[in-house]
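One letter stands for each residue in the lines below.
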Amino acid sequence: ELKVEQNPLFLSMQEGKNYTIYCNYSTTSDRLYWYRQDPGKSLESLFVLLSNGAVKQEGRLMASLDTKARLSTLHITAAVHDLSATYFCAVVLNYGGATNKLIFGTGTLLAVQP
Amino acid sequence: AAGVIQSPRHLIKEKRETATLKCYPIPRHDTVYWYQQGPGQDPQFLISFYEKMQSDKGSIPDRFSAQQFSDYHSELNMSSLELGDSALYFCASSLGLRQQETQYFGPGTRLLVL
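The structure presented is a predicted model; accordingly, all values stated were derived computationally and were not measured.

## Topic: the pattern of salt bridges
For step 1, the next point in the chain: What the rule picks out here adds up to 5 salt bridges over all chains.
For step 2, the next point in the chain: Notably, a salt bridge pairs Asp56(B) with Lys101(A), separated by 3.9 Å at the nearest N-O pair. Of this pair, Asp56(B) sits in strand E6 (residues 53-57) while Lys101(A) sits in the loop between strand E9 (85-92) and strand E10 (102-104), placing the two residues on different chains.
For step 3, the next point in the chain: The class for Asp56(B) is buried, based on a relative accessible area of 14%.
For step 4, the next point in the chain: When the shortest N-O distance is used, the salt bridge between Arg63(B) and Asp85(B) registers 2.9 Å. Here Arg63(B), found in the loop between E6 and strand E7 (64-68), pairs with Asp85(B), found in the loop between strand E8 (74-78) and strand E9 (87-94); they are 22 residues apart in sequence, far enough to count as distant.
For step 5, the next point in the chain: By sharing partners, the salt bridges in this structure join Arg63(B), Glu82(B) and Asp85(B) into a single network.

Below, the structure is given as structure tokens:
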């Protein structure tokens with residue numbers, strides 16, 4: 001059974017600081033997604049990482065994937081209050097295309113303090 | 001750009017009642033996924049459809065059923081509702097089951113069972 005774990009679960013950081021959220025998964029997968037969710041809102045797709053060593057950046061967020069270590073990171077640079085949200089990683093099981101169901105991590109609640 | 005549409009957005013039901021949630025995927029998307037997110041929890045996969053056929057099934061109770069229609073919209077039918085069914089129900093759509101397709105989430109239906 002595929003398990004996806006994130007840490008930390010809660011992250012309070014000051015504006016202008018840098019931090020990294022970690023996502024570990026237990027079995028082979030070649031697709032990993034990062035989503036953002038504001039309270040009571042839908043899930044917004046941030047990144048999709050498709051191969052070992054993949055790195056993607058958008059604004060103050062950068063995501064990377066190491067399939068050998070089964071680890072993805074979401075790095076936040078010079079945080080601003082607008083980044084406050086819950087961040088989920090999600091992994092697709094390696095079914096060879098038979099299904100694309102997402103297995104979500106536990107989520108990281110990020111609060112950026114002024 | 002058109003997004004995934006879900007209706008209703010909010011729903012209040014009594015125990016043992018039934019509920020029907022509707023999902024209209026992004027135009028040309030032929031794959032629909034349903035997820036359930038309890039308070040403070042990560043989304044859990046329920047069921048998915050590709051080209052009107054069930055493609056995968058997750059932790060969906062026997063009291064729930066779903067289908068995808070010829071216009072690709074999907075309905076999730078929930079019977080004998082229980083208090084524990086109170087959650088945010090998301091529908092997501094994608095184009096086919098190809099490896100690189102991102103799932104785009106709708107705004108969700110918030111179900112409260114009293």
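## Digging into unusual backbone geometry
For step 1, the next point in the chain: Residue Pro8(A) follows Asn7(A) across a cis peptide bond; omega there is 0 degrees.
For step 2, the next point in the chain: With respect to the helices and strands, Pro8(A) occurs in the loop between strand E1 (4-7) and strand E2 (10-14).
For step 3, the next point in the chain: Phi at Ala78(A) takes a positive value of approximately 50 degrees, unusual for a residue other than glycine.
For step 4, the next point in the chain: Relative to the helices and strands, Ala78(A) is located in the loop between strand E8 (71-76) and E9.
For step 5, the next point in the chain: For Ser80(B), which is not a glycine, the phi torsion comes out positive at approximately 45 degrees.
For step 6, the next point in the chain: Here Ser80(B) lies in the loop between E8 and E9.
For step 7, the next point in the chain: For Ser80(B), a relative accessible area of 39% gives the class partly exposed.

## Overview of the nonpolar core
Considering soluble globular proteins, one finds that nonpolar side chains tend to be buried as a cluster.
For step 1, the next point in the chain: Ranked by internal contacts, the top residues of the largest apolar core, which has 26 residues, are Leu32(A), Trp34(A), Leu74(A), Ile76(A), Tyr87(A) and Leu110(A).
For step 2, the next point in the chain: Of all the secondary-structure elements, those providing two or more residues to this core are E2, strand E3 (19-25), strand E4 (32-37), strand E5 (43-49), strand E7 (61-66), E8, E9 and strand E11 (108-113) of chain A.
For step 3, the next point in the chain: If one sorts the elements of this core by residue count, E9(A) sits on top with 4 residues.
For step 4, the next point in the chain: Sequence-distant contacts of Tyr87(A), that is, excluding residues within four places in its chain, are made with Gln6(A), Ile21(A), Tyr35(A), Arg36(A), Leu46(A), Leu61(A), Leu74(A), Gly107(A), Thr108(A) and Leu110(A).
For step 5, the next point in the chain: With 22 residues, the next largest nonpolar core counts Cys23(B), Phe49(B), Ala66(B) and Cys91(B) among its residues.

## A word on the interface of chain A and chain B
For step 1, the next point in the chain: Taken residue by residue, the interface counts 24 residues in chain A and 25 residues in chain B.
For step 2, the next point in the chain: Here chain A and chain B share an interface that buries about 1800 Å² over both sides, 50% of which is from carbon and sulfur atoms.
For step 3, the next point in the chain: When residues of chain A are sorted by the area they lose upon contact with chain B, Asn100(A), Lys101(A) and Phe104(A) head the list and together hold 25% of the total.
For step 4, the next point in the chain: Inspection of the chain A/chain B interface yields 1 salt bridge.
For step 5, the next point in the chain: Summed over the shared surface of chain A and chain B, the result is 4 residue pairs in polar contact (both at pLDDT 80 or more).
For step 6, the next point in the chain: For the side of chain A that touches chain B, the elements supplying multiple residues, two or more each, are E4, E5 and E10 of chain A.
For step 7, the next point in the chain: Split into classes, the residues belonging to the side of chain A that touches chain B amount to 10 nonpolar, 10 polar and 4 charged.

Conventions adopted
- Residues numbered from 1 in each chain as written.
- Chains lettered and ligands numbered in written order.
- Predicted model: local features only at pLDDT ≥ 70, side-chain atom pairs only at ≥ 80, totals over all residues.
- Heavy atoms only, no water.
- Salt bridge = Lys/Arg side-chain N within 4 Å of Asp/Glu carboxyl O.
- Helix = DSSP H or I, 4+ residues; strand = E, 2+ residues; numbered from the N terminus.
- Buried < 20%, exposed > 50% of the residue type's maximum accessible area, 1.4 Å probe, protein only.
- Core = buried A, V, L, I, M, F, W, Y, C linked by side-chain atoms within 4.5 Å.
- Contact = heavy atoms within 4.5 Å.
- Buried area = accessible area lost by both parts, 1.4 Å probe.
- Polar contact = N/O pair within 3.5 Å; in protein donor to acceptor, adjacent residues only side chain to side chain.
- Nonpolar A, V, L, I, M, F, W, Y, C, P; charged D, E, K, R; others polar.

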